[in-house]
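Reading the structure
Letter by letter, the chains look like this.
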Amino acid sequence: MRLLKNLFKSPFFVFGMSLFVLTLSVALLGPLFLNLDVNNRAGLAYMAPSARHWLGTDHMGVDMISMLVSGLRSSLYVGFLAGSVATTLGTLIGLYGGYKGGLIDDVLTVGTNLFLVIPSLIVLILLSASIDDGRSLTLIALIIGCTTWTWSARAVRAQAASLRNRDHVALARINGYGTLGIVFVHIMPYLLSYIFMVFILQMAAGILSEASLSMLGLGPYDSVSLGKILNDAKTNEALTDGAWWAFVPAMVLITTVVFSLYIINTSLEGVFNPRLRK
Amino acid sequence: MLDNHPTLSHVVGRAGWYLVTFLVAISINFFLPRLGDANPVDTIMAKVTDGLDAASAKAKEEAYLREFNLVEVDDAGKVKRDARGKPVRTSLGRQFINYLGMSVRGDLGSSILQHPKRVTAIIKAALPWTLALQLPTIVFGWLIGNGLGALAAYKRGVFDKLMYPLALLASAIPAFCFGMLLVYVFGIRLEWFPAVGGYDDGLTPELSIAFLRSASYYYVLPFLSVFLIVVGGQAIGMRSMCIYELGTDYVKYAKLLGIEESKILLYMFRNAMLPQLTGLALALGTMVGGALIAEMIFSYPGLGMAVLTAIQGNDYPLISGCTLLVTVSVLCANFSVDVLVGFLDPRIRAARQRSK
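Please read all numbers here as calculations on a predicted model, not as lab measurements. (Residues numbered from 1 in each chain as written. Chains lettered and ligands numbered in written order. Predicted model: local features only at pLDDT ≥ 70, side-chain atom pairs only at ≥ 80, totals over all residues.)

1. Things to note about the overall build of chain A
What chain A contains, in helices and strands, is 12 helices and zero strands. The N-to-C order of helical and strand elements in chain A reads α-α-α-α-α-α-α-α-α-α-α-α. The principal-axis extents of the C-alpha atoms in chain A amount to approximately 75 × 45 × 30 Å. Out of the 278 residues belonging to chain A, those deemed buried represent 49%. Looking at chain A alone, contacts between residues at least 24 apart form 72% of all its contacts between residues at least 6 apart. (Helix = DSSP H or I, 4+ residues; strand = E, 2+ residues; numbered from the N terminus. Buried ≥ 20, exposed ≤ 12 C-beta atoms within 10 Å, placed from the backbone. Contact = placed C-beta atoms within 7 Å.)

2. Topic: the overall build of chain B
The secondary structure content of chain B amounts to 13 helices and zero strands. When its helices and strands are written in sequence order, chain B yields α-α-α-α-α-α-α-α-α-α-α-α-α. Within the span of chain B, comprising 356 residues, buried residues form 36% of the whole. For chain B, restricting intrachain contacts to residue pairs at least 6 apart in sequence, the fraction spanning at least 24 positions comes to 69%.

3. Concerning the nonpolar core
With 169 residues, the main nonpolar core has A:Ala204, A:Leu230, A:Ile254, A:Val258 and B:Met180 as its most contacted residues. The leading source of residues in this core is helix H9 (residues 179-215) of chain A, at 19 residues. Beyond its immediate sequence surroundings of up to four residues, B:Met180 is in contact with A:Leu230, A:Lys234, A:Leu239, A:Phe247, A:Met251 and B:Ile297. (Core = buried A, V, L, I, M, F, W, Y, C linked by C-beta atoms within 7 Å.)

4. Quick word on helix H3 (residues 64-100) of chain A
Its 37 residues give H3(A) an end-to-end C-alpha distance of 53 Å, which sits within 8% of 54 Å, the value for a rise of 1.5 Å per residue. For H3(A), a buried count of 30 out of 37 residues is recorded, marking the element as mostly surrounded by other parts of the structure. (Expected span 1.5 Å × (residues − 1).)

5. A closer look at the packing of H3(A) against helix H10 (residues 226-235) of chain A
Residue and element names in this part refer to chain A. With their axes 7 Å apart at the nearest point, H3 and H10 run at an angle of 130° to one another. When the axis of H3 is compared with that of H10, the two are oblique. The segment H3 lies against H10, with Met-67, Gly-71, Leu-72 and Ser-75 engaging Leu-226, Lys-228 and Ile-229. (Axes fitted to C-alpha atoms, helices over the stretch in contact; angles between N-to-C directions. Parallel < 35°, antiparallel > 145°, perpendicular 65-115°, else oblique.)

6. A word on the interface of chain A and chain B
Each partner contributes residues to the interface: chain A has 41 residues there, and chain B has 43 residues. Elements supplying a minimum of two residues to the side of chain A that touches chain B: helix H4 (102-117), helix H5 (120-130), H9, H10, helix H11 (238-241) and helix H12 (248-272) of chain A. A total of nine residues in the side of chain A that touches chain B trace back to one element, the largest contributor, which is H5(A). When the residues that make up the side of chain A that touches chain B are grouped by side-chain class, the tally is 30 nonpolar, eight polar and three charged. (Nonpolar A, V, L, I, M, F, W, Y, C, P; charged D, E, K, R; others polar.)

7. What about the packing of helix H2 (residues 11-33) of chain A against H12(A)?
Residues and elements named next belong to chain A. At a minimum axis distance of 8 Å, the contact between H2 and H12 shows a crossing angle of 145°. Read as a crossing pair, H2 and H12 show a hand that is left-handed. Between H2 and H12, the residues in contact are Phe-12, Phe-13, Phe-15, Gly-16, Met-17, Leu-19, Phe-20 and Thr-23 and Thr-256, Val-257, Ser-260, Leu-261, Ile-263, Ile-264, Thr-266, Ser-267 and Gly-270, respectively. Taken together, the residues that form the contact of H2 with H12 break down as 10 nonpolar, seven polar and no charged. (Left-handed = near helix turned anticlockwise from the far one by under 90°.)

8. A closer look at unusual backbone geometry
If a residue is not glycine, its phi is most likely negative; likewise, a peptide bond is most likely trans. In this structure, B:Ser299 takes a positive phi of about 45° despite not being glycine. Since 16 C-beta atoms lie within 10 Å of it, B:Ser299 is described here as partly exposed.

9. Description of the environment of A:Tyr262
You can see A:Tyr262 is positioned in helix H12. Separated by 182 residues in the primary sequence, A:Tyr262 and A:Phe80 place their C-alpha atoms 15 Å from one another. For A:Tyr262, the residues in contact, after removing those within four places along its chain, are A:Ala204, B:Leu168, B:Ser171 and B:Ala172.

10. So, the environment of B:Phe227
All names here are of chain B. Here Phe-227 lies in helix H8 (residues 209-246). For Phe-227, a count of 22 C-beta atoms within 10 Å translates into the label buried. Residues Phe-227 and Asn-271 lie 44 residues apart in sequence; the distance between their C-alpha atoms is 25 Å. Residues within four places of Phe-227 in sequence aside, it is in contact with Thr-137, Phe-140 and Gly-141.

11. With respect to the confidence of the model for chain A
Scored by pLDDT, chain A has a mean of 83; 97% of the residues are at 70 or more. H3(A) holds the highest mean pLDDT among the elements of chain A, 90, whereas H11(A) holds the lowest, 76. (pLDDT = per-residue confidence, 0-100.)

12. Let's talk about the confidence of the model for chain B
For any part of a model where pLDDT is low, the fine detail of the predicted coordinates should not be relied upon. Summing up the model confidence of chain B, the mean pLDDT is 79 and the portion of residues at 70 or higher is 87%. This complex was scored by the predictor with a pTM of 0.85 and an ipTM of 0.82.

13. Quick notes on the environment of B:Val337
All names here are of chain B. On the secondary structure map, Val-337 appears in helix H12 (residues 316-344). Separated by 218 residues in sequence, Val-337 and Val-119 have C-alpha atoms that sit 29 Å apart. If we ignore the near neighbours within four places in the chain, the residues touching Val-337 are Leu-277, Leu-280 and Ala-281.

Dropping the structure here:
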């Protein structure tokens with residue numbers, strides 16, 4: 001509770017959180033209030049914003065507001081799923097290696113650093129290109145989660161290793177707790193705030209990765225995503241036609257979501273790490 | 001012998017580690033595209049078989065199978081056949097060994113899309129553009145970002161309050177989004193700079209004044225699209241690093257001793273620099289990936305465009321050639337940073353000496 005109170009005292013946190021909650025509620029509540037239809041043409045291609053179509057239409061004549069809300073939903077979904085997978089993988093590997101130490105830790109660290117150095121976008125491109133059909137939004141999110149976990153493992157490992165020699169951990173060991181018991185009961189609770197910060201950043205990374213893949217034409221076949229809207233706008237000459245409504249709003253949405261997540265992360269850092277305050 | 005040269009043994013150790021990483025990277029590069037059933041020969045055959053009779057189609061298929069090293073060849077250079085006269089397919093393991101040998105010799109096979117053309121030739125044409133764009137962006141972005149970050153941490157006040165959110169915003173914009181915006185505003189609306197391409201039509205890449213002038217004109221927007229984002233990201237990292245250093249005991253002690261402020265700043269900068277260098281090495285992969293996608297927005301004639309066309313045309317040899325090259329460059333850059341850190345960081349020397 002104290003923590004929450006402290007959090008809401010930070011203007012950065014309040015700003016970032018309200019921004020994020022705003023985008024989240026547009027994504028969740030949008031379909032209830034708006035008549036979304038991304039499959040049928042509502043007019044001609046690239047119609048300028050009007051009273052009927054607030055943000056005009058895309059290259060197929062589909063209402064842009066419908067596209068944007070659906071795209072935002074997909075992007076947030078990818079962010080949540082990829083972020084959860086990456087954080088879980090990274091936390092498990094980092095906690096286990098950091099606590100165990102020795103050979104297991106060495107092997108895990110070498111493995112983590114290995115995949116940290118190999119650009120994850122490259123692995124994503126190779127994987128996505130090899131599964132040509134059946135590239136669903138969920139599959140893409142899972143692939144992203146499985147390729148971006150590395151730096152959270154590295155970060156969590158460093159924290160867990162610093163807790164390894166604490167007295168309460170030694171006591172737990174003497175009292176006969178197993179490795180898993182110690183890791184989950186006596187180490188993880190100390191790192192929860194840290195893991196939450198990692199999750200926030202992994203979410204942002206997931207959203208950006210999906211958008212990058214979609215820009216390469218490796219996006220999901222089964223849903224509209226913000227990256228796909230941008231890719232469609234680019235490949236269908238929205239830039240040269242001056243149809244700004246076909247890409248500027250999608251750009252603003254991606255940036256807003258990622259920006260709000262970054263702000264939440266830095267404000268958490270300030271609250272959890274008093275040294276940075278002042 | 002190495003024991004007496006802590007820095008050298010650090011370098012040798014890192015070199016060994018990067019060799020292992022390279023082997024893993026090249027295996028990923030080979031096996032991931034082969035997870036699916038897609039086979040380069042089938043892709044080409046689907047395109048060229050129209051209007052061919054069965055016999056010549058078969059002959060053509062065999063020629064392609066040989067070219068892509070998918071069938072066993074005997075000493076006389078003839079395709080081996082099984083009892084039913086079908087060509088014997090090379091096993092995946094054997095293909096991998098061939099691939100390793102070829103890659104080390106710098107042979108990446110031939111492209112499917114631009115068929116007889118070699119992948120290496122395509123990459124050779126694209127690489128200078130990507131290098132010219134990405135190297136200065138990352139190096140200058142890193143330097144300026146770090147300078148700004150240190151300044152913000154030291155000055156605080158209005159400068160920090162203004163710079164910090166701006167830097168956060170800049171680092172949150174995906175490079176390709178920013179690129180699209182630049183193209184639209186400065187390329188198409190205002191027509192200050194050319195929107196797409198790398199040089200004027202009618203010129204050929206060569207070392208002439210006309211070409212260089214045209215190329216530098218086309219350089220501005222792609223450069224900016226990545227540069228500002230790198231600056232933002234680095235400034236944020238350096239700022240928190242420096243704020244941390246400001247609170248350390250040695251800075252307080254130095255202040256109490258009455259040492260000049262500029263001198264303290266220099267000490268601080270040196271200490272905050274090392275983690276930033278390591279951070280650069282770790283972020284390099286993401287940066288290069290982002291910049292490649294930004295290149296596509298401008299149809300810049302670099303690797304990003306090559307990857308994009310390769311993906312659109314299912315040109316697997318070209319895709320994996322480009323990805324291999326990008327991975328190897330990132331590994332090399334990382335290795336150089338590691339070596340540099342080995343020279344700069346006294347702790348590495350000390351740790352080596354202690355463990356002796």
